[in-house]
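# Structural overview for review
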Amino acid sequence: MTRLANVLGRAALVTDEGGIDVETASEGRFAADPQALYERWEEFMHWTAHVTPDAGGGAPFEIAEADLLSPAPFPAQVFAIGLNYRDHAAETGAELPERMAVFTKFPTCLTGGFEEVVLPETGSVDWEVELVVVIGKRAHKIADWEAWSHVAGVCVGNDLSERILQRAAGNQFSMGKSFPGFGPMGPYLVTPDELTEPDDLPLSCTVNGEVMQSSRTSEMVFGVSRIIEELASVVQLLPGDVIFTGTPAGVGWVKNRFLQPGDVLESTIEGIGTIRSKVVGP
Ligand code: ZN
């Protein structure tokens, strides 16, 4: 039962008493770098089960939202799944995919959940609230039933997409989804054992308080286990890798509405938390 935050580049456990700095509390056994923890995830999980708030002579501290960076800031690989919700396929008039559609968001687009989103010059940036999975154990050629055991945790993400560029180059989505700040994720990593129904989580997204997306992860065409099984049937998944699992109905381009400077984009998954991005002009 762990919540792991990246507080200004330092790993911290999120507890009722406040943040516990991992490097201090572990007396240097684990380094401050959150990304490095995924390499030793099982060992780290054992340690977190016994840590006390005053371990290592430290004291719990108040975590400010603005200081929260991505819980997996520098993954080797970032995967994203296209057209993966039944309600989203229906709103776009597309047939349900028989094969999973995979693209990447280049890792430099990842940010924390409370950073500003700077719009590029072309103005058709769209929202996509998504469940984001972070891998905690190397996976290659595994069965779907064991897939969740390779997950370190999940967080809330938004797969921000510049729609003109996304469609400009032969259906290769990745460039339109990789501007700096286009992968907000947070507020922190939540281990799967904290979730009573990890495959049926309500998720939603609002712009200036107006609900744009509202669905459940059980609407996925390929659920988390299938996604990991399919990816690992080809690619070797590494600890700390990030997977954006697809977005439900309610994206902007269907109603020809895009993000404008001054907008506040909020994305929520029940049981995990909320992230909030202020949108600013180029
Ligand atoms: Zn997406």
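Worth saying up front: this structure is predicted, and the values here are computed from it rather than measured.

For the zinc ion, the full set of protein donor atoms is Glu128 (OE), Glu130 (OE) and Asp159 (OD), at a range of 2.0 to 2.1 Å. Overall, the relative accessible area of 6% leaves glutamate 128 in the buried class.

Here we come to the domain arrangement of the protein. Reports of interface size often rely on the accessible area that becomes lost once the parts have come together. One can read the domain layout of the protein as domain 1 (3–63) and domain 2 (69–280). Placing a centre on the C-alpha atoms of domain 1 and another on those of domain 2 gives a separation of 26 Å. Each side of the interface is counted separately: domain 1 has 13 residues, and domain 2 has 20 residues. Inspection of the domain 1/domain 2 interface yields one salt bridge. Ionic pairing is found between arginine 3 and glutamate 194, a salt bridge with its closest N-O pair at 2.9 Å. Counting across the interface, domain 1 meets domain 2 through nine residue pairs in polar contact (both at pLDDT 80 or more). Going through the elements one at a time, β1 (3–7), α2 (34–37) and α3 (41–48) are the ones with two or more residues in the side of domain 1 that touches domain 2. Considering every element that reaches the side of domain 1 that touches domain 2, the biggest residue donor is β1, with four residues.

As a further point, take the pattern of salt bridges. A side chain of one charge can pair with a side chain of the opposite charge when the charged atoms of the two come close. If you walk through the whole model with that rule in mind, you get 16 salt bridges. The partner of glutamate 43 in a salt bridge is arginine 29, and the shortest N-O contact between them spans 3.3 Å. Placement of glutamate 43 in helix α3 and of arginine 29 in the loop between α1 (22–25) and α2 is noted, with a sequence separation of 14 residues between them. Here arginine 216 ties to aspartate 200 by a salt bridge, and the two come within 2.8 Å at their closest N and O atoms. Of this pair, arginine 216 sits in strand β15 (residues 210–216) while aspartate 200 sits in the loop between β13 (183–190) and β14 (202–207); the two residues are 16 residues apart in sequence, bridging distant segments of the chain. For aspartate 200, a relative accessible area of 25% puts it in the partly exposed group. Connected via shared salt-bridge partners are Lys105, Asp126, Glu128, Asp159, Arg163 and Lys177.

Once that is clear, we can look at the packing of aromatic side chains. Counting across every chain of the model gives seven aromatic pairs. When the ring of phenylalanine 44 is compared with that of tryptophan 47, the centres are 5.9 Å apart and the planes differ by 25°; the resulting orientation is stacked. Here the residue phenylalanine 44 and the residue tryptophan 47 both occupy positions in helix α3, the gap between them amounting to three residues, near one helical turn. The residues phenylalanine 44 and tryptophan 47 share a single accessibility class, namely buried. Arranged with centres 5.1 Å apart and planes meeting at 55°, the rings of phenylalanine 179 and phenylalanine 182 form a pair that is tilted. A connected cluster of aromatic rings, assembled from ring pairs, spans Phe30, Tyr38, Trp41, Phe44 and Trp47. Here the guanidinium or amino end of lysine 105 rests over the ring plane of phenylalanine 244, the centre of that ring lying 5.5 Å away. Directly above the ring of tryptophan 253 sits arginine 167, whose terminal nitrogen or CZ lies 4.6 Å from the centroid.

In terms of nonpolar packing, the biggest core is built from 77 residues, with Leu4, Val22, Phe44, Ile228, Leu259 and Ile272 touching the most fellow members. Counting residues per element, this core draws most heavily on strand β10 (residues 129–135), at six residues. Lining this core are residues from two domains, each supplying at least three of them: domain 1 (3–63) and domain 2 (69–280). With residues up to four places along the chain from it excluded, the contact list for leucine 4 reads Ala11, Ala12, Leu13, Val22, Leu37, Tyr38, Trp41, Phe44, Pro71, Tyr188 and Leu189.

With respect to burial, strand β5 (residues 78–82) is a largely interior element, five of its five residues being buried. Residues Val78, Ala80 and Gly82 point to one face of β5 and Phe79 and Ile81 to the other, with burial holding for every one of them. Pairing between β5 and strand β16 (residues 242–244): three bridges, direction parallel. In the strand pairing of β16, phenylalanine 79 is matched with isoleucine 243. Across three bridges, β5 lies against strand β6 (residues 101–103) in antiparallel orientation. Following the sheet pairing, isoleucine 81 is matched in β6 by valine 102.

The rules behind these values
Residues numbered from 1 in each chain as written. Predicted model: local features only at pLDDT ≥ 70, side-chain atom pairs only at ≥ 80, totals over all residues. Heavy atoms only, no water. Donors = N, O, S within 2.8 Å, 3.2 Å for Na, K, Ca; no water. Buried < 20%, exposed > 50% of the residue type's maximum accessible area, 1.4 Å probe, protein only. Domains from an automatic or database assignment. Contact = heavy atoms within 4.5 Å. Salt bridge = Lys/Arg side-chain N within 4 Å of Asp/Glu carboxyl O. Polar contact = N/O pair within 3.5 Å; in protein donor to acceptor, adjacent residues only side chain to side chain. Helix = DSSP H or I, 4+ residues; strand = E, 2+ residues; numbered from the N terminus. Phe/Tyr/Trp six-rings, centres within 6.5 Å; stacked < 30°, edge-to-face > 60°. Lys NZ or Arg CZ within 6 Å of the ring centre and 35° of its normal. Core = buried A, V, L, I, M, F, W, Y, C linked by side-chain atoms within 4.5 Å. Pairing = 2+ DSSP bridges.

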